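The chain contents come next:
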Amino acid sequence: MVVVRSRDPADLPRCVEALIDVHKSDDYPHRWPHDPADWLTPENMAAAWVAEHENRIVGHVVIVDKAGALWVSRLFVRPGHRGSLVGDALLRQARIGGASMLDVIERSGKAIELYERTGWTLVDRRPAEWIMSDGRRPVERIYRADSHSTEHNSTGPTLR
């Protein structure tokens, strides 16, 4: 069983291990951070959760405060646990925590499918404020949680 719980500072090394798996598989984050644990703990972080299965971190999400709105950030699921509703559970927890916005680059098709399936509505498309490692500026899709997204009802990982 997968359990979603608040992230503890002692979880960070295992979160970095999970992030390494995701980076190797999906090139996320697109620029590998100098200090991955620090990257997982942004200055404007309001809360963080992990998804854990058999004492292994299989997913992660942070919510950050951007100009008074809470945004989903640093969301990832280890490749071997995709399709098992871990992403749904993490997004649900972020919504319970107050997140109402998120952004994703257009080339992230599977993430876009997850967001749209779980009740997020596309509200804008714009060039990102950052450059990818290949020098290109990606297009970001901006999503807002619809009013029913915390009620997204599916059988999935246990929330704690």
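Residues numbered from 1 in each chain as written. Predicted model: local features only at pLDDT ≥ 70, side-chain atom pairs only at ≥ 80, totals over all residues. Heavy atoms only, no water.

Draft legend 1. Molecular detail of the pairing of strand β1 (residues 2-6). Within β1, 4 of the 5 residues are buried, leaving the element largely enclosed by the surrounding structure. Bridge count between β1 and strand β2 (residues 45-53): 5 bridges; the pairing is antiparallel. Considered in β2, the bridge of V3 is made with E52. (Buried < 20%, exposed > 50% of the residue type's maximum accessible area, 1.4 Å probe, protein only. Helix = DSSP H or I, 4+ residues; strand = E, 2+ residues; numbered from the N terminus. Pairing = 2+ DSSP bridges.)

Draft legend 2. Region of interest: unusual backbone geometry. Omega for the bond connecting Y28 with P29 falls within 30 degrees of zero, at -5 degrees, which places this linkage in the cis form. Summarising the element assignment, P29 is placed in the loop between α1 (12-26) and α2 (36-39). Residues other than glycine seldom take positive phi values, yet D27 does so here, at roughly 60 degrees. Position of D27 relative to the elements: it lies in the loop between α1 and α2. D27 sits in the partly exposed class, given a relative accessible area of 29%.

Draft legend 3. Molecular detail of the pattern of salt bridges. Within this structure, the stated rule accounts for 16 salt bridges. One salt bridge connects R14 with E52, and the closest N-O pair in it is separated by 3.0 Å. Highlighted residues: R14 in helix α1 and E52 in strand β2, separated in sequence by 38 residues. Residue classification places R14 among the partly exposed positions, given a relative accessible area of 21%. Among the ionic pairs, D27 bridges to R107, the shortest N-O distance being 3.1 Å. One end of the pair, D27, is in the loop between α1 and α2; the other, R107, is in the loop between β5 (101-105) and α4 (109-117), with 80 residues separating them in the sequence. The network of salt bridges with shared partners includes R5, D11, R14 and E52. (Salt bridge = Lys/Arg side-chain N within 4 Å of Asp/Glu carboxyl O.)

Draft legend 4. Layout of the packing of aromatic side chains. Taken as a whole and judged by the stated rule, the model has 2 aromatic pairs. Where Y28 meets W39, the ring centres are 5.8 Å apart and the plane angle is 70 degrees; that geometry is what we call edge-to-face. Taken as a pair, Y28 in the loop between α1 and α2 and W39 in helix α2 lie far apart in primary sequence, 11 residues in all. By relative accessible area, Y28 is classed as partly exposed at 22%. Taking NZ or CZ as reference, K66 lies 4.3 Å from the ring centre of W71, over its face. In this structure, R74 is placed above the aromatic ring of W39, and the distance from its NZ or CZ to the ring centre is 4.2 Å. (Phe/Tyr/Trp six-rings, centres within 6.5 Å; stacked < 30°, edge-to-face > 60°. Lys NZ or Arg CZ within 6 Å of the ring centre and 35° of its normal.)

Distances and angles like these do not, on their own, reveal function.
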